[in-house]
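The residues making up each chain are set out below.
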Amino acid sequence: MSQLELRDITVERGGRPVVKDVTITVPAGEVTALLGPNGAGKSSLVLAVGGVLRPRPGSVLLDGTELAGQRPERIRAAGVAIVPEGRRLLPDLSVDDNIRVATYALSKKDAADGRARALELFPRLGQRLTVPARLLSGGEQQMVVLAQALVSQPRYILIDELSLGLAPVIVNQLIPVIREVAASGVGILLIEQFATVALSLATGAHVMEGGVLRYSGTAAELKEHPDRLHSAYLLRGSAVEASAVLDGSVAEALGDASGAGEKAELRPVRAVPHMMPR
Ligand SMILES: Nc1ncnc2c1ncn2[C@@H]1O[C@H](COP(=O)(O)OP(=O)(O)OP(=O)(O)O)[C@@H](O)[C@H]1O
């Protein structure tokens, strides 16, 4: 069975290891959750898999083929896409152009197929194709960001913080899309601040803290033994954070039970020059 294997990965930033000897398998067709407090090393791991940071040492094996140390374009072309935390759109470009920007390395046919698939997953974007990205709500922006990753029809996708800054009502719209993408055979590693969201989608689950894995097992087991998640969060002394992610609904965890929160939906868009076509 197809899988993406992150094996014995160590990542250094600022001269110190922030990911230490982490091994995670992401099976095809399933969501695997990666949880952990701020600063645990989750984003650094994603950037290392995507080729933005170099794992030293470590392997990223796609069905046995080594991808570690390759250029981001090569990793993406091999079928592994990443959605880095806080990715921004090109604010003055339309939704359609932001999606097209992400297809620049694809053949004409693959770009057209990928765009059609992305719009099938996010019909809302089909109605907003000509709208400049800066006028989108936070939820719509996140849909475009996900569409940019999905447009290359990856076999594996690593999503860093699906719900960050989004109102619960929007998160609830994204959850079925993630489920559908996984059901279509794509392996997903999902980093998510709210354990309730991640564990509702995931089969496998991992908890990271201080750069190391504190738990690796099934999502069901973690739901049954929340103390394992709790202890990792508490290692950072953030009891409030631990209760927020574990107790109650997404809405309560977000502190916005109404689900309305226009402000929570909106976030500023900034240009990311490296996303421009070359
Ligand atoms: N550019 C950088 N240079 C040096 N150290 C960094 C850099 N970015 C992050 N770090 C450090 O790396 C460690 C891991 O951070 P990382 O962002 O990977 O954690 P995380 O689990 O994704 O947390 P968050 O959800 O807050 O992003 C932290 O100690 C952080 O301070």
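Residues numbered from 1 in each chain as written. Predicted model: local features only at pLDDT ≥ 70, side-chain atom pairs only at ≥ 80, totals over all residues. Heavy atoms only, no water.

- Taking an unreviewed UniProt entry as the reference, the chain is identified by name as ABC transporter ATP-binding protein belonging to Trebonia kvetii.
- Database annotation for the chain, UniProt heading Sequence similarities (unreviewed entry): "Belongs to the ABC transporter superfamily." (UniProt positions renumbered as here; feature names shortened; annotations may be inferred.)

## Re the nonpolar core
Inference 1: Ranked by internal contacts, the top residues of the largest apolar core, which has 55 residues, are F122, L125, I157, I159 and I188.
Inference 2: Among the elements that line this core, the one with the most residues is helix α7 (residues 168-183), at eight residues.
Inference 3: For F122, the contacting residues outside a window of four places in its chain are M143, L146, A147, L150, L174 and V177.
Inference 4: Listed in part, the 28 residues of the second largest apolar core include V26, A48, V60 and L67. (Core = buried A, V, L, I, M, F, W, Y, C linked by side-chain atoms within 4.5 Å. Buried < 20%, exposed > 50% of the residue type's maximum accessible area, 1.4 Å probe, protein only. Helix = DSSP H or I, 4+ residues; strand = E, 2+ residues; numbered from the N terminus. Contact = heavy atoms within 4.5 Å.)

## Remarks on the site of the ligand
Inference 1: Residues in close proximity to the ligand total 14 residues, the closest being R16, G39, K42, S43 and S44.
Inference 2: N38 places a polar side-chain atom, nitrogen or oxygen, 3.4 Å from an oxygen atom of the ligand.
Inference 3: S44 places a side-chain nitrogen or oxygen 2.5 Å from an oxygen atom of the ligand.
Inference 4: The fraction of the free accessible surface of the ligand (620 Å²) that becomes covered by protein chains is 64%.
Inference 5: The cavity where the ligand resides is the second largest pocket.
Inference 6: Contributions of two or more residues to the shell around the ligand are made by β2 (16-27) and α1 (42-49).
Inference 7: Grouping the amino acids of the shell around the ligand by side-chain chemistry returns three nonpolar, six polar and five charged. (Near = heavy atom within 4 Å. Polar contact = N/O pair within 3.5 Å; in protein donor to acceptor, adjacent residues only side chain to side chain. Areas by Shrake-Rupley, 256 points an atom, 1.4 Å probe, with all protein chains shown as cover. 1 Å grid on protein atoms, 1.4 Å probe; cavity = no way out; pocket = protein on both sides within 12 Å on 5 of 7 lines; lining within 4 Å. Sits in = over half its atoms within 2 Å of the grid points. Nonpolar A, V, L, I, M, F, W, Y, C, P; charged D, E, K, R; others polar.)

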